[in-house]
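Given next are the chains, with one letter for each unit.
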Amino acid sequence: MKHDNYREDIAGRADVADTPELVAYYQQLTALNTGALWTVANKIEPWQPKSASVPVLWRYRELREHVLRSVALVTPEKAGRRVIYLNNPGRQEVAAAVGWLYSGLQVMHPGEAASAHAHSASALRFIMEGRGAYTIVDGHKMPLEANDFVLTPNGTWHEHGVEADGATCIWQDGLDIPLVNALEAGFYKVHPDLRQPVTAPVDDSVALWGAAALRPHHVGWDKPYSPLFKYQWGPTYEALCRAAQACEGTPYDDLLMHYTNPVTGGHVMPTIGASMQRLRPGFVGKAHRHTGSFIYQVAKGEGYSVIDGQRFDWRERDIFCVPSWAFHEHVNLSQHDDACLFCFNDLPVMQSLSLYYEDALLENGGHQVILSEGKA
Ligand code: GTQ
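Not measured: the values here are computed from a predicted model.

1. Examining the domain arrangement of the protein chain
Thinking step 1. Structurally, the protein chain comprises domain 1 (57-209) and domain 2 (230-373).
Thinking step 2. For domain 1 and domain 2, the distance between their C-alpha centres works out to 23 Å.
Thinking step 3. Taken together, both faces of the contact between domain 1 and domain 2 bury some 3100 Å²; the carbon and sulfur share is 68%.
Thinking step 4. Considering only the side of domain 1, the residues that lose the most area to domain 2 are L57, N147 and F149, jointly responsible for 23% of the buried surface there.
Thinking step 5. Inspection of the domain 1/domain 2 interface yields one salt bridge.

Below, the structure is given as structure tokens:
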């Protein structure tokens, strides 16, 4: 057993050299299901967060054909859900796309549906392409179009499908499965009838809760997630464009808006937050870093992001992740068109546990030195 790897020659840190006597002692401790803290202290208390995840760009033009191929290979009935999941090389053992977040691309043909189920994980979908997609959440049915964002909160019965007269749909799923499993709180139920009845008027959640800055007087809501389940692309993009006329945005994100629970103004779900940001034409962002794990999908435009010194060039529908505490900066490569980035993250967890920290890069004019170039 060698512990010298964990030595740090700094006052206040563990720095104990192995001796035959100590090594024998460590073995005795191991046999009693114990250990000497100083052999692990520097590892378990890093100076700052050290993410096991690596930055990854998933290019849609590379993935799309493989996602479509799964339609011929498995049925939604057999697979449960026909999804190709995003597997971060540093997080394979927990099937995470980054940190404690899961993500995957789900495909469905017209007339197909996945069985209704419920779980203690929180979930969301962001529609990428197709026509006729819908989600039903606790009896509330919502038709979905490209760039629409829909919640299937923890504990709700939910199912997804594509109408018979629609076109093949692909959407991105986002869930906190790895977090819920890390906390050993994962439950899963299949609906007894495999389908749930639609019990409310179609799109009633948008009709009731989706009017900007207006709250219905006669309807209460005390669930821990947003009563608005669907956030449509049209009004979201319009809000970003209007806000861009009224203010500057930030040097890191230009104009970023969080999707909110209209009752509280807070995040949409207890463990997952989401945002849409607009990078104006020619925007060159500065670098910052913060705790939390972030998964982006390019909803519009072309550009690149430098993440932990690596440049990743992205286009519409590409997905990339920013691990906790990794410096990142975003650039819109077009001088004429804006670019929009959808993002979901574990900010509600970081903030509610007082673990959110943020730091701007000050050197080099606020830009990272690019250590490796991504492919265009
Ligand atoms: O539809 O809730 O991609 O439970 C993975 C697990 C989607 C879902 C996934 C899930 C779901």
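Structure's up, so let's keep going.
2. Topic: the site of the ligand
Thinking step 1. As a matter of local geometry, the ligand sits amid R81, V83, Y102, H117, H119, R125, H158, H160, D173, L175 and I177.
Thinking step 2. Residue H117 places a side-chain N or O atom 2.9 Å away from an oxygen atom belonging to the ligand.
Thinking step 3. Considering the ligand on its own, with 290 Å² of exposed area, one finds that the protein chains cover 92% of that surface.
Thinking step 4. Looking at the shell around the ligand, the elements with two or more residues in it are β4 (117-119) and β8 (158-175).
Thinking step 5. The element contributing the most residues to the shell around the ligand is β8, with four residues.
Thinking step 6. Here the shell around the ligand is composed, by residue class, of four nonpolar, four polar and three charged.

3. Some words on the nonpolar core
Thinking step 1. F149, M276 and F342 are the most contacted members of the largest nonpolar core, which has 52 residues in total.
Thinking step 2. Formed jointly, this core draws a minimum of three residues from each of two domains, domain 1 (57-209) and domain 2 (230-373).
Thinking step 3. Excluding its chain neighbours within four sequence positions, the residues that come into contact with F149 are L124, R125, F126, F229, K230, Y231, Y259, V268, A274 and F342.
Thinking step 4. Of all hydrophobic cores here, the second largest spans 16 residues; its members include L57, L279, F283 and A339.

The rules behind these values
- Residues numbered from 1 in each chain as written.
- Predicted model: local features only at pLDDT ≥ 70, side-chain atom pairs only at ≥ 80, totals over all residues.
- Heavy atoms only, no water.
- Domains from an automatic or database assignment.
- Buried area = accessible area lost by both parts, 1.4 Å probe.
- Salt bridge = Lys/Arg side-chain N within 4 Å of Asp/Glu carboxyl O.
- Near = heavy atom within 4 Å.
- Polar contact = N/O pair within 3.5 Å; in protein donor to acceptor, adjacent residues only side chain to side chain.
- Areas by Shrake-Rupley, 256 points an atom, 1.4 Å probe, with all protein chains shown as cover.
- Helix = DSSP H or I, 4+ residues; strand = E, 2+ residues; numbered from the N terminus.
- Nonpolar A, V, L, I, M, F, W, Y, C, P; charged D, E, K, R; others polar.
- Core = buried A, V, L, I, M, F, W, Y, C linked by side-chain atoms within 4.5 Å.
- Buried < 20%, exposed > 50% of the residue type's maximum accessible area, 1.4 Å probe, protein only.
- Contact = heavy atoms within 4.5 Å.

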